[in-house]
Amino acid sequence: MKTIDEFVELFGELFDDIDTSNFTPETNFRDNDEWSSLIALSVIAMVDDEFDVTLVGNDIKNATTIADIYNCIVAKSE
Amino acid sequence: MSFLTINNVKIVGLSACIPPDIEENRGLAIFSDNSEVEKVIASTGIERKRIVRPGTTASDLTYQAICKLLTKLEWHADSIDALIYVCTSRDYIAPITSAILQDRLGFRNDCYCLDLPLGCSGWVYGMSNLASLLSHGQLKRGLLVCAETNSQNRSPKDKTVKPLFGDAATVTALEFDEKWNYPMQFSFGVDGSGYKAVWTEYGGTRNPITPEAIKEKEIEPGVIRRGIDMVVNGMDVFSFAIKVPPRSLQEFIEHYQIDVNDIDYLFLHQANKFIDDRIRKKLKVPEEKVPFCLQDYGNTNSASIPLAMVVCKSEELQKGIHNCLGCGFGIGLAWGNVHYTIENLKAVVLHEYEY
């Protein structure tokens, strides 16, 4: 299983327009100009590819930070 | 997953009727700016759709699609033994629309007519129904209609829906033939726990139409709809679509010991290019074997697989033998796979609706 830092990096790669080098596990991923429902779809796709875990809409909606999503993946992989 | 094999039924013709009016996604007022629309186009692959004028129903499109196809097949209206109408945008709450079409088309009174209110899995389910009926050999000729007027039952002010869905009617003509040696093979699945992924909350008997249900409400910026408009929860549909259809296709291929390398065409429900590309890659099917008409027609629900056959492979399907896979998935949530052979179709018609 990938570490949370690796996940933060993969998460940042889904953004094209903004600088994501300052993303940390505690970053509020909605708090920028680029976050959209389309990036949410690419998060679901990336998690399917990298972790073989299927996130649903509520997993994203209920999350605030990147770590929240990572924790959800961890819970779903157990 | 349930499996079904049907013998002695072949596809003899296909037709599609599309509205002449084109709605471009670039320029839709619901988007906040150009970059938003370009992102939607890049991620869905949908640039434009065909849209009916208000007052035109799916059965109007169907009527012309059937007339054109019967002429080309040289089939007389009174030779049709069965008509199955797959559509969620029905003419009336009651009765079934296939009865209306039986009368309008001059089909016999003993023509077997049935409506199936299915969405994106509808062509596969409809094929299994009609082919099953015909396989007994008593009913010889059948028409499977897969039609939808999405522009009429969804909110034009909902940016999560408006750019995605188009209107079309398709007809697949099937015939009993005891010498036909290629079985149709099917598998099916459903997961009703996902019924809210794509649904229309008001207008049925659980939640009847009330004055409140026909009021427009802003759910979030760019998403204004009424209770009677269809809701598409994109993230949930996406989670389902990238997981279940590829797995079920894989199981299907293993069950029937199909060699994917021998497949000439994989016709996927034209949902969204991103989803369909993922399914294609998971199955390791080369791009040229997966036809797309999505960019010009959008998602036309149950009509999308036959529409892709008509729009993309009309000439090819009229010549030679083609080993095909079809996969429909969506609302329900429901999905279905079919392995079928097409040989020298007698007719493939693409017709623009004449008002």
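These lines cover the structure that appears in this document, whether it is placed above or below. Everything numeric here is computed off the predicted structure, so don't read it as measured data.

## Observations concerning the pairing of strand β9 (residues 184–190) of chain B
All names here are of chain B. Counting buried residues along β9, 6 of its 7 residues qualify, which places the element largely inside the surrounding structure. As defined by bridge partners, strand β1 (residues 2–6) adjoins β9 across 5 bridges and the pair is classed as antiparallel. Counted as the bridge partner of I6 is M184 from β9. Of the strand pairs in this sheet, β9 and strand β16 (residues 334–343) are connected by 6 bridges, and their pairing is antiparallel. By the bridge assignment, F188 is partnered in β16 with G336.

## Description of the pattern of salt bridges
Counting across every chain of the model gives 29 salt bridges over all chains. Ionic pairing is found between B:R278 and A:D48, a salt bridge with its closest N-O pair at 3.0 Å. Of this pair, B:R278 sits in helix α6 (residues 273–283) while A:D48 sits in helix α2 (residues 37–51), on two different chains. Accessibility expressed as a relative area gives 13% for B:R278, which makes it buried. Between B:K49 and B:E23 there is a salt bridge, with its nearest N and O atoms 2.8 Å apart. Of this pair, B:K49 sits in strand β4 (residues 48–50) while B:E23 sits in strand β3 (residues 22–24), and the two are 26 residues apart along the sequence. For B:K49, a relative accessible area of 0% corresponds to the buried category. Through salt bridges that share partners, B:E24, B:R26, B:E38, B:E47, B:R48 and B:D296 make up one connected network.

## Re the environment of B:K217
All names here are of chain B. By the element assignment, K217 lies in strand β11 (residues 217–220). Judged by its relative accessible area of 40%, K217 is partly exposed. Every residue in contact with K217, bar those within four places of it in the chain, is listed here: E212, V223, I224 and R225. A polar atom in the side chain of K217 sits 3.1 Å from the side chain of E212.

## So, a negative patch on the surface
Residue and element names in this part refer to chain A. On the surface, a cluster of negative charge is contributed by D5, E6, E9 and E13. As for its placement among the helices and strands, D5 is situated in helix α1 (residues 4–12). Overall, the relative accessible area of 53% leaves D5 in the exposed class.

## Things to note about helix α3 (residues 97–105) of chain B
All names here are of chain B. Listed as buried for α3 are T97, S98, L101, Q102 and L105. The buried side chains of α3 occupy one side of the element, clustering within an arc of 145 degrees when seen end-on. Buried residues along α3 sit against α2 (58–73), β5 (82–86) and β6 (112–116).

## Here's the deal with the side chain of B:N153
All names here are of chain B. With respect to the helices and strands, the residue N153 is situated in the loop between β7 (141–149) and β8 (167–176). One polar contact links N153 to R154, side chain to side chain, over a distance of 3.0 Å. Once residues lying within four places of it in the same chain are set aside, the contact partners of N153 are T88, S89, E148, I228, D229 and M230.

## Here we look at the packing of α1(A) against helix α4 (residues 66–77) of chain A
Residues and elements named next belong to chain A. The contact between α1 and α4 brings their axes to 10 Å, and the two run at 115 degrees. Here the hand of the crossing between α1 and α4 comes out right-handed. Where α1 abuts α4, its residues I4, F7, V8 and F11 lie against I66, A67, I69, Y70 and I73. Of the residues belonging to the contact of α1 with α4, the class tally is 9 nonpolar, no polar and no charged.

## Remarks on the sheet that holds β16(B)
Residues and elements named next belong to chain B. The 5 strands are arranged β1-β9-β16-β15-β14 in an open sheet whose pairing can be described as mixed. The open sheet has two free edges, formed respectively by β1 and β14 (265–268), since each of these has just one partner strand. Going from strand to strand, the sheet's axes swing by 20 degrees on average, the running direction of each strand aside. Contacts between helix α4 (residues 122–135) and the sheet are confined to β1, β9, β15 (321–330) and β16, with β9 contributing the most and set at about 130 degrees to the helix. Set on the sheet, helix α8 (residues 304–317) makes contact with β14, β15 and β16; between it and β14 the angle comes to about 155 degrees.

## Overview of the environment of B:F3
Following the sequence through the fold, B:F3 ends up in strand β1. For B:F3, the residues in contact, after removing those within four places along its chain, are B:F186, B:S187, B:E251, B:F252, B:H255 and B:Y256.

## Topic: helix α1 (residues 34–44) of chain B
Residue and element names in this part refer to chain B. For α1, every residue scored as buried is listed here: E36, V37, V40, I41 and T44. Taken end-on, α1 shows its buried residues confined to a sector of 135 degrees, consistent with a single buried face. In this structure, α1 carries N34 and A42 as exposed residues pointing more than 90 degrees from its buried face. Positive backbone phi, approximately 80 degrees, marks G45, located one or two places after α1.

## Focus: the interface of chain B and chain A
The parts lose accessible area when they come together, and the size of an interface is often stated as this lost area. Contact with chain B, which involves 14 residues of that partner, is made by 17 residues of chain A. Of the roughly 1,200 Å² buried between chain B and chain A on both sides combined, carbon and sulfur atoms contribute 62%. Counting across the chain B and chain A interface gives 4 salt bridges. Here B:K39 ties to A:D17 by a salt bridge, and the two come within 3.3 Å at their closest N and O atoms. Across the chain B-chain A interface, the total number found is 7 residue pairs in polar contact (both at pLDDT 80 or more). Where the side of chain B that touches chain A is concerned, the elements lending two or more residues are α1, α5 (234–255) and α6 of chain B. It is α5(B) that contributes the most residues to the side of chain B that touches chain A, 8 residues altogether. Here the residues of the side of chain B that touches chain A are counted per class, giving 5 nonpolar, 3 polar and 6 charged.

Conventions and cut-offs
- Residues numbered from 1 in each chain as written.
- Chains lettered and ligands numbered in written order.
- Predicted model: local features only at pLDDT ≥ 70, side-chain atom pairs only at ≥ 80, totals over all residues.
- Heavy atoms only, no water.
- Buried < 20%, exposed > 50% of the residue type's maximum accessible area, 1.4 Å probe, protein only.
- Helix = DSSP H or I, 4+ residues; strand = E, 2+ residues; numbered from the N terminus.
- Pairing = 2+ DSSP bridges.
- Salt bridge = Lys/Arg side-chain N within 4 Å of Asp/Glu carboxyl O.
- Contact = heavy atoms within 4.5 Å.
- Polar contact = N/O pair within 3.5 Å; in protein donor to acceptor, adjacent residues only side chain to side chain.
- Patch = residues over 30% accessible without salt bridge, like charges linked within 9 Å, V, L, I, M, F, W, Y side chains within 5 Å.
- Areas by Shrake-Rupley, 256 points an atom, 1.4 Å probe, with all protein chains shown as cover.
- Lys, Arg positive; Asp, Glu negative; His and termini not counted.
- Charge placed at Lys NZ, Arg CZ, Asp CG, Glu CD.
- Arc of directions from axis to C-beta.
- Axes fitted to C-alpha atoms, helices over the stretch in contact; angles between N-to-C directions.
- Left-handed = near helix turned anticlockwise from the far one by under 90°.
- Nonpolar A, V, L, I, M, F, W, Y, C, P; charged D, E, K, R; others polar.
- Buried area = accessible area lost by both parts, 1.4 Å probe.

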